[in-house]
Structure formats: C-alpha cells, structure tokens
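Read off the chains here:
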Amino acid sequence: MLKSAVLFSHRKMRFHIFTEESLKSEFDKQLRQWPDSYTKKFEYRIYPITFSVGNPQEWKKLFKPCAAQRLFLPVILKDVDSLLYVDTDVLFLRPVDDIWKLLRQFNSTQLAAMAPEHEIPKIGWYSRFARHPFYGSAGVNSGVMLMNLTRIRSAQFKNSMIPTGLAWEDMLYPLYQKYKNAITWGDQDLLNIIFYFNPECLYVFPCQWNYRPDHCMYGSNCRAAEREGVSVLHGNRGVYHDEKQPTFKALYEAIRDFPFQDHLFQSMYYPLQLKLLETVHTLCGRIPQVFLKQIEKTMKRAYEKHVIIHVGPNQRR
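Residues numbered from 1 in each chain as written. Predicted model: local features only at pLDDT ≥ 70, side-chain atom pairs only at ≥ 80, totals over all residues. Heavy atoms only, no water.

With that out of the way, let us pick up the pattern of salt bridges. Taken as a whole and assessed by the stated rule, the structure comprises 15 salt bridges. The partner of Glu58 in a salt bridge is Lys180, and the shortest N-O contact between them spans 3.8 Å. Of this pair, Glu58 sits in helix α4 (residues 56–60) while Lys180 sits in the loop between α9 (168–179) and α10 (187–197); the two residues are 122 residues apart in sequence, bridging distant segments of the chain. (Salt bridge = Lys/Arg side-chain N within 4 Å of Asp/Glu carboxyl O. Helix = DSSP H or I, 4+ residues; strand = E, 2+ residues; numbered from the N terminus.)

As structure tokens, this is what we get:
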C-alpha cells in the first residue's frame, strides 16, 4: 500500500503508521531499503496501537486487532489537521494528491468522507442484515476515509444516548457499549451509526475511490469506475492472497514485485496488461481497462512531466 502511494504520487507525503510493536523494526528496515529517489517523496512516523477510552482489549477484539484504531486518530494525532485513513489492503492506482483534493469539496458542516458500502441498496449488506442504524440507503465503507481532524475534534455529535451533543472522544465508548451486541463489522458499524445521526457531517465520494470485489463479482455496478477507471483498489475479503479474484491478485503482485529502479511502463504496465488478459474469463476480469485506465493516465502524466522538464518547455513536441 505504501509502495503504491509512493510510486504514483507527485507531492511529498507524510505517513502515520499504526502497528504492533513487534513490526516496528521491520517497517523501518524495509522503508530504509527503498531508493533515495523514492524515500525523498515521503516522511513517516510509527505509532503503537493505542485506545484512549474504554477497555483496550475490547477495542482490539472489535472486528480486527487494529481496525478500531481509526476511531481514535482525532484524539491521538492532535497536531494533525487532516488525513486520509486507509486499510492495509488498499492500493493506489493514481496519485494520492487526487483524492486529497476532495477535502476542498467539503461544505461547512462536512468533516469526513467515505464511499458507499454498496451501489445497489437492495442487494447490499446493511440494507438486508444490519441490526443498527446506518448511513443512507446502503451504509458506507470505512476502508478509505478522508478525515478533517480539526473539525471532528471541535464538533458536537447528535446521538441516541443523551438529548445533547457529545464530543467525539466522549461518544465512542458509550456508543460501543450500547450497540456492541448488534454490530458485525466493528468500527465501520459505529461510524455508520454516528453518521446516521449526523448525515450533514459526511461527504460521500464515488465508488472508484474505494473499489472492492463487490463492485464486480456480481456484475459491474460501479459506474464511476467504468467511466474513469479505478482510482483506489480495496482488496478486502483477502483477495490478494487467494485465487477467488485473480484480477485483484494480479494488481497486488505487480506493485509488490516491481523493482524500484525499473521503468514503470516496461516493468509494470505491459506485464500487468498481459496478466489481466488472463483473467477476462472472470467477472471482475471482463473489463481490464477499468483497472488499467488510471495507471496508464498517471504514467503518461509522469512521462510527459519528465520529458518537458528535461527537454525544456520551449522544445515541447
């Protein structure tokens, strides 16, 4: 995930990495092995898994050990104004700069952004099975989440527990206590409950920014991706590591195995094209251009920028 962000982005980034203490040294070791031409594009800091309210062991058991961590980012990262949270099974297929620009589209009440959990409510999980309130007609997916932390820290949130608003940190544990026997997807369900009561606080971005197997395994249902290509790939359900969705696995392996010093077009794009052609017999593989469009566009932009800089603006052809 970090590699994809660095490969395709233009502006310098700051990574806030939350992980178990036992993995900290491995992160340091791997990131320091990357070439200078890439390491100069980012800085990073590693944090331990921390839960500021309630029972830490309860939070760790909520869906996955680190999943609930995103709920506490406004409290832990007090000096950070805004951030993009992503699960570790996310791959960027275009510059992070592009999704970051969506922050500018927030109106005065919006403080977070997510994509819908499903594009067709009648076959979505929340509309069929949820035993708790959820946002909109199909819920939202928290695997890719823009957060204006400054606004979150200063807001008072409507809720089902008391008649007045609650601050974010004061709301989390009582909310969990009230709904813990009704939620299935842990922190994502809690976020859905929060934004059910505070819909004016959420900006909903299109499915191309959080494209999952659900968008193609039952037939293509993400129109934004069909038009513009997948921007952010979210390989939930473990699809990078099994044979159920070979298209997702091919993209993951192409980015994982790409040697930093090689040419992106020759060593990633062309082999990936061939690999995706092998998956056209699958539901998600039927439209390979959906997965290639943004990668191709990003590489073209990078190439043109490189040529213009090195040839000189007055010699452009």
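This next bit is on the sheet that holds strand β5 (residues 112–116). Read across the sheet, four strands follow the order β3-β6-β5-β7 without closing on themselves; strand pairing throughout is mixed. Two strands close off the open sheet at either side, each with one partner strand: β3 (82–86) and β7 (202–204). Here the strands of the sheet are splayed against their neighbours by 25° on average, with no regard to which way each runs. Contacts between α10 and the sheet are confined to β5, β6 (140–148) and β7, with β6 contributing the most and set at about 65° to the helix. (Pairing = 2+ DSSP bridges. Axes fitted to C-alpha atoms, helices over the stretch in contact; angles between N-to-C directions. Contact = heavy atoms within 4.5 Å.)

When the parts of a complex come together, some accessible area is lost, and that lost area is often taken as the interface size. Parsing the chain into structural domains produces domain 1 (1–206) and domain 2 (208–311). Placing the centre of domain 1 and that of domain 2 at their C-alpha centroids yields a distance of 24 Å. Each partner contributes residues to the interface: domain 1 has 30 residues there, and domain 2 has 33 residues. Between domain 1 and domain 2, roughly 3,000 Å² of surface is buried when both sides are summed, and carbon and sulfur atoms account for 65% of that area. By the criterion of area lost to domain 2, the three top residues of domain 1 are Leu91, Leu93 and Arg94, representing 26% of everything that side buries. At the junction of domain 1 with domain 2, the criterion picks out two salt bridges. Here domain 1 and domain 2 share 15 residue pairs in polar contact (both at pLDDT 80 or more) between them. Elements supplying a minimum of two residues to the side of domain 1 that touches domain 2: α1 (2–8), β4 (90–92), α6 (96–100), β5 and β6. Taken together, the residues of the side of domain 1 that touches domain 2 sort by class into 18 nonpolar, five polar and seven charged. (Domains from an automatic or database assignment. Buried area = accessible area lost by both parts, 1.4 Å probe. Polar contact = N/O pair within 3.5 Å; in protein donor to acceptor, adjacent residues only side chain to side chain. Nonpolar A, V, L, I, M, F, W, Y, C, P; charged D, E, K, R; others polar.)

With that out of the way, let us pick up the packing of aromatic side chains. With the rule as written, the count across this model stands at 25 aromatic pairs. Measuring from centroid to centroid gives 5.2 Å for Phe15 and Phe42, while their planes differ by 40°, and the two rings are tilted. Taken as a pair, Phe15 in strand β1 (residues 13–18) and Phe42 in strand β2 (residues 42–47) lie far apart in primary sequence, 27 residues in all. By relative accessible area, which is 7% here, Phe42 ends up buried. With a centroid separation of 5.6 Å and an interplanar angle of 75°, the aromatic rings of Trp125 and Trp185 are classed as edge-to-face. Within this pair, whereas Trp125 is found in helix α7 (residues 125–129), its partner Trp185 is found in the loop between α9 and α10, the two being separated by 60 residues in sequence. Exposure remark for Trp125: the relative accessible area of 22% places this residue in the partly exposed category. Among the residues examined, Trp185 registers a relative accessible area of 31% and is labelled partly exposed. (Phe/Tyr/Trp six-rings, centres within 6.5 Å; stacked < 30°, edge-to-face > 60°. Buried < 20%, exposed > 50% of the residue type's maximum accessible area, 1.4 Å probe, protein only.)

Of all the nine residues making up β6, nine are buried; the element is thus mostly covered by neighbouring parts of the structure. Note: β3 against β6, five bridges, orientation antiparallel. When the sheet's bridge partners are listed, Leu83 is paired in β6 with Met147. In the sheet, β5 pairs with β6 via four bridges, with the strands oriented antiparallel. Bridge pairing in β6 links Ala112 to Met147.

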